[in-house]
Amino acid sequence: SMSMSGYPSKLGEIAGIGVNRGTDLVRVDGSVTVGGAVNYAQAVKRFRTAVVAAVHVEQKSIQGRSRNIVICGLRSVDKVSDAALLRDFLADNLGLKVTVATSKRIGHDPDVSRRRVLVTMGTADQAATVIEAAKRLKFSPDPEIRGKVFITADLTVAERKAAYELRCKRRMARQRQNNRSPQTA
């Protein structure tokens, strides 16, 4: 459906408003409210409320994720908890001593030992320190760590999509730079 501004709007559907046709407001459910100005104002108010609620939910989600990191490629070890495994891994490979509040394997890989690990650190600062230090993993002398273990922030779906699009743009810019023939003077 289209919102009153002319743009497609999921939020409009969430707020229960639809398209303004002349002086009548057609709701998403198909009902028509006659009268124009007063009902339009109510619809705009509902829409604004829905937008504010969506932004608030997103901010809370981001705050809640600030202590989290996601680790890909860290194989589990029998009789060793993921929290202990992670503490030892970070101390041995990055020289970091951290507090791991919780950890759990996430994802759908049938081999549980290969699933990503969602880790909640003691503080958001610890999580940020680990993410910053994780860049050093690509220089590890161990090829299993260098090529297979990655540590990232726990991002929302929207943040992951935006980060992916930025990586694609950077990759394309690098390819264009590399494909240019050297100019001779």
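Nothing here was measured: the structure is a model prediction, and the numbers come from that model.

Caption draft 1: Looking closely at the pairing of strand β6 (residues 116-121). In terms of burial, β6 is a largely internal element, five of the six residues being buried. Both strand β5 (residues 100-106) and β6 contribute to a ladder of six bridges, which runs antiparallel. Among the inter-strand pairings, V100 is bridged to a residue of β6, identified as M121.

Caption draft 2: Broad picture of the pattern of salt bridges. Per the stated rule, a full pass over the model turns up four salt bridges. The salt bridge partner of D82 is R105, with a shortest N-O separation of 3.0 Å. Here the residue D82 occupies a position in helix α3 (residues 82-94), and R105 occupies one in strand β5, the gap between them amounting to 23 residues. One exposure class covers both D82 and R105, and it is buried. The closest approach of N and O atoms between K148 and E144, which form a salt bridge, is 3.5 Å. Of this pair, K148 and E144 both sit in helix α5 (residues 143-148), four residues apart, roughly one helical turn. Relative accessible area serves as the criterion here: at 47%, K148 is assigned to the partly exposed category. Since its relative accessible area comes to 48%, E144 is described here as partly exposed.

Caption draft 3: Structural detail: the layout of surface pockets. Roughly 820 Å³ of internal volume is contained in the largest pocket. Lining the largest pocket we find 25 residues, and of these F150, I151, T152, A153 and R167 sit closest to its centre. For the lining of the largest pocket, the element with the most residues is helix α6 (residues 157-179), which contributes six residues. Tallied by class, residues from the lining of the largest pocket come to 15 nonpolar, one polar and nine charged. The volume enclosed by the second largest pocket comes to roughly 300 Å³. As for the second largest pocket, its lining consists of C72, G73, L74, R75, F89, R114, D142, E144, I145, K148 and V149. Ranked by the residues each element gives to the lining of the second largest pocket, the list is headed by α5, at three residues. For the lining of the second largest pocket, the per-class residue count stands at five nonpolar, one polar and five charged.

Thresholds, definitions, all that
- Residues numbered from 1 in each chain as written.
- Predicted model: local features only at pLDDT ≥ 70, side-chain atom pairs only at ≥ 80, totals over all residues.
- Heavy atoms only, no water.
- Buried < 20%, exposed > 50% of the residue type's maximum accessible area, 1.4 Å probe, protein only.
- Helix = DSSP H or I, 4+ residues; strand = E, 2+ residues; numbered from the N terminus.
- Pairing = 2+ DSSP bridges.
- Salt bridge = Lys/Arg side-chain N within 4 Å of Asp/Glu carboxyl O.
- 1 Å grid on protein atoms, 1.4 Å probe; cavity = no way out; pocket = protein on both sides within 12 Å on 5 of 7 lines; lining within 4 Å.
- Points joined across faces, edges and corners; volume = space filled by probe spheres on them.
- Nonpolar A, V, L, I, M, F, W, Y, C, P; charged D, E, K, R; others polar.

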